[in-house]
Amino acid sequence: MLPETTPDATPAHPNPLGQLSLDELCRRTSMKWRTFPEDVLPLWVAEMDVPLAEPVARALTDAIALGDTGYPAGTAYAEALAEFAGKRWGWDDFAVERTAIVPDVMLGIVEMLKLVTGPGDPVIVNSPVYPPFYQFVRNMDRTVVEAPLGEDGRLDFAELESAFDRVTEGGRRRAAYLLCNPHNPTGTLHTTVELTTVARLSHTYGIRVVVDEIHAPLVSLGARFVPYLTVPGGENAFSLMSASKAWNLAGLKAALAIAGPDAARELAELPEEVSHGPSHLGILAHTAALRDAGPWLDALLTGLDENRRLLSDLLADHLPSVRYEPSESTYLAWLDCRALPLGDDPAPVFLERGRVALNSGIPFGTGGAGHVRLNLATSEELLTEAVRRMARALA
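Note that residues are indexed from 1 along each chain, following the sequence as it is written. Side-chain atom pairs in this predicted model are given and counted only at pLDDT of 80 or more, local residue features only at pLDDT of at least 70, and totals for whole chains, interfaces and linings cover all residues. Excluding hydrogens and water, the side-chain figures rest on all heavy atoms present in the structure.

Attention shifts here to the sheet that holds strand S12 (residues 371–375). A sheet is described by the order of its strands in space; here three strands give the open sequence S9-S12-S11, paired in antiparallel fashion. Where the open sheet ends on each side, the last strands, each with one partner, are strand S9 (332–336) and strand S11 (359–360). A pair of strands counts as paired when DSSP detects no fewer than two bridges linking them. Going along the chain from the N terminus, every DSSP run of H or I of four or more residues is numbered as a helix, and every run of E of two or more is numbered as a strand. Across five bridges, S9 lies against S12 in antiparallel orientation. The residue bridging tryptophan 334 from the neighbouring strand is arginine 373, located in S12.

Written out as structure tokens, the structure reads:
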């Protein structure tokens with residue numbers, strides 16, 4: 001079966017990004033809408049300005065009507081992901097029996113790293129990268145080693161091999177590589193050739209690969225996501241996946257750890273109490289999203305492509321010195337503001353003078369200085385107003 005790599009050209013579902021007014025969004029009590037004062041437009045943390053997909057809302061309301069709010073059980077979530085992965089990515093040998101439910105992707109990453117590394121061991125990351133990679137890895141007493149991306153935002157294999165060589169020099173016992181696929185914040189989609197090269201290098205140096213693939217469903221029209229566990233050499237790796245980013249379910253905790261065939265025995269050693277962390281309602285919601293909310297996702301992907309084009313046009317008109325390459329995935333835009341007179345951290349200026357909240361690039365590690373991350377999963381109106389405000393901040 002060929003993968004469905006793109007949604008229909010004209011999705012039947014209306015664009016979820018255009019369905020909520022600013023007044024409705026301001027009534028939300030989540031982090032995105034409560035961290036900053038009311039006059040600030042929040043285009044920072046990874047929450048989308050969308051209503052719940054109807055199948056997800058129905059699954060939740062049906063469960064609440066039944067009082068079905070106990071402990072999670074069964075493999076329905078993994079089965080739904082297997083079906084989704086087969087249709088969207090051509091992953092027809094997805095093995096439900098090699099999965100485990102975990103509270104969320106970052107906590108799942110921590111548990112996978114515990115399986116393959118010990119205290120003090122190195123974990124390699126491709127900076128600039130999602131700041132919790134640094135926070136969680138250091139909190140579990142591992143050492144972060146950076147292998148920066150190239151200037152083009154793609155994997156730099158000279159840097160990666162140099163990092164692999166450094167951490168294995170002297171016969172170090174164990175090391176891991178924490179790969180982000182698709183990459184946050186750049187939105188880069190790693191290709192089959194790139195991922196196969198990663199697998200070859202990891203085997204050569206004896207380094208275990210753990211992959212954050214939470215943004216996998218959020219792929220631009222015409223682009224293709226390649227699951228790491230499907231490439232040659234990926235058999236001893238672990239992937240972490242969730243429906244949370246693609247269907248805006250961060251508050252409904254649930255994720256899946258997936259082992260390659262050569263890592264199945266290690267996954268079986270995962271402590272039983274880890275599976276107690278996910279929410280039963282979260283699992284019901286994620287399962288419904290993957291199984292029944294494909295048309296909603298297709299409409300979202302179309303809307304995100306439209307917003308990428310809009311953001312390019314807005315920046316060209318209002319902030320032509322800002323460099324932006326529309327990405328193939330995620331709903332995050334990585335803006336290079338180094339040509340502006342704002343120093344290494346432009347985000348506070350856009351916040352204080354423009355009343356727009358963006359993520360500072362500095363916590364993303366090497367390569368983040370002079371950058372901001374913008375969340376474009378919002379309406380055209382709010383995106384337009386945000387860029388106009390950012391431009392006025394420089395006046």
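Our next topic: unusual backbone geometry. For residues that are not glycine, phi is negative in most cases, and the peptide bond is trans in most cases. In this structure, proline 128 follows serine 127 across a cis peptide bond, with omega equal to -5 degrees. The topology assignment puts proline 128 in the loop between strand S3 (122–125) and helix H6 (132–139). The amide bond that connects asparagine 181 to the next residue, proline 182, takes the cis arrangement and shows omega of -5 degrees. Considering the arrangement of structural elements, one finds proline 182 in the loop between strand S5 (176–180) and helix H8 (192–205). Positive phi, close to 60 degrees, is recorded for asparagine 248, a residue that is not glycine. Within the secondary structure layout, asparagine 248 lies in the loop between helix H9 (244–247) and strand S8 (255–259).

Once that is clear, we can look at the nonpolar core. Only buried residues count toward a nonpolar core. Its members are Ala, Val, Leu, Ile, Met, Phe, Trp, Tyr and Cys residues joined through side-chain atoms within 4.5 Å. Buried, partly exposed and exposed residues are distinguished by accessible area as a fraction of the type maximum, computed with a 1.4 Å probe on protein chains only: under 20%, between the cut-offs, and over 50%, respectively. With 101 residues, the main nonpolar core has Ile124, Tyr177, Tyr228, Trp247, Leu335 and Leu374 as its most contacted residues. Of the residues forming this core, the biggest block, nine residues, is contributed by helix H12 (residues 294–318). With near-sequence residues (within four places) excluded, leucine 335 lies in contact with Leu315, Val322, Arg323, Tyr324, Gly370, His371, Val372, Leu374 and Met390. Only heavy atoms enter the contact rule, under which two residues are in contact if any of them lie within 4.5 Å.

So, on to the packing of aromatic side chains. Each aromatic pair joins two rings of Phe, Tyr and Trp (for Trp, the six-membered one) with centres within 6.5 Å, and gets the label stacked for planes under 30 degrees apart, edge-to-face for over 60, and tilted for any other angle. This structure, assessed with the given rule, holds nine aromatic pairs. Relative to tryptophan 89, the ring of phenylalanine 84 lies with its centre 5.5 Å away and its plane at 85 degrees, an arrangement referred to as edge-to-face. Note on phenylalanine 84: relative accessible area 6%, which makes it buried. Here tryptophan 89 falls in the buried class, since its relative accessible area comes to 7%. Measuring from ring centre to ring centre gives 6.0 Å for tyrosine 130 and phenylalanine 133, while their planes differ by 80 degrees; the resulting arrangement is edge-to-face. Tyrosine 130 sits in the partly exposed class, given a relative accessible area of 23%. Clustering of aromatic rings is evident, with ring pairs tying together Phe84, Trp89, Phe225 and Trp247.

Bringing the environment of valine 372 into the picture now. Assignment of secondary structure puts valine 372 in strand S12. The spacing of valine 372 and threonine 287 is 85 residues in sequence and 33 Å in space, taken between C-alpha atoms. Here valine 372 is in contact with Ala333, Trp334, Leu335, Cys337, Pro346, Ala347, Phe350, Leu358, Asn359 and Gly361, once residues within four sequence places are set aside.

Moving on, we get to the side chain of asparagine 375. Relative to the assigned elements, asparagine 375 resides in strand S12. Only 2.9 Å separates the side chain of asparagine 375 from the backbone oxygen of valine 45, close enough to count as a polar contact. Polar contacts, as counted here, are pairs of nitrogen or oxygen atoms within 3.5 Å of one another; within protein the pair requires one atom able to donate a hydrogen and one able to accept it, and residues that are adjacent in sequence qualify only if both atoms are side-chain atoms. Within the local environment of asparagine 375, its side chain forms a polar contact with the backbone oxygen of glutamate 47, the two atoms lying 2.8 Å apart. In this structure asparagine 375 touches Lys32, Leu43, Trp44, Val45, Ala46, Glu47, Tyr331 and Leu332, once residues within four positions along its chain are discounted.

Reading across from one edge, S2-S8-S7-S6-S5-S3-S4 is the order of the seven strands in this open sheet, with mixed pairing throughout. Two strands in the sheet have a free side with no partner beyond their single neighbour: strand S2 (99–102) and strand S4 (143–146). Pairs of neighbouring strands in the sheet enclose a mean axial angle of 25 degrees, with direction left out of account. Note that strand S6 (residues 208–212) and strand S7 (residues 238–241) share three bridges and pair parallel. Bridging from a neighbouring strand, valine 210 pairs with phenylalanine 238 of S7. Only the stretch in contact is used when a helix axis is fitted, and all axes are lines through C-alpha atoms; the angle between N-to-C directions ranges over 0 to 180 degrees. Along the sheet, helix H4 (residues 76–89) makes contact with S2, S7 and S8, crossing S8 at roughly 70 degrees.

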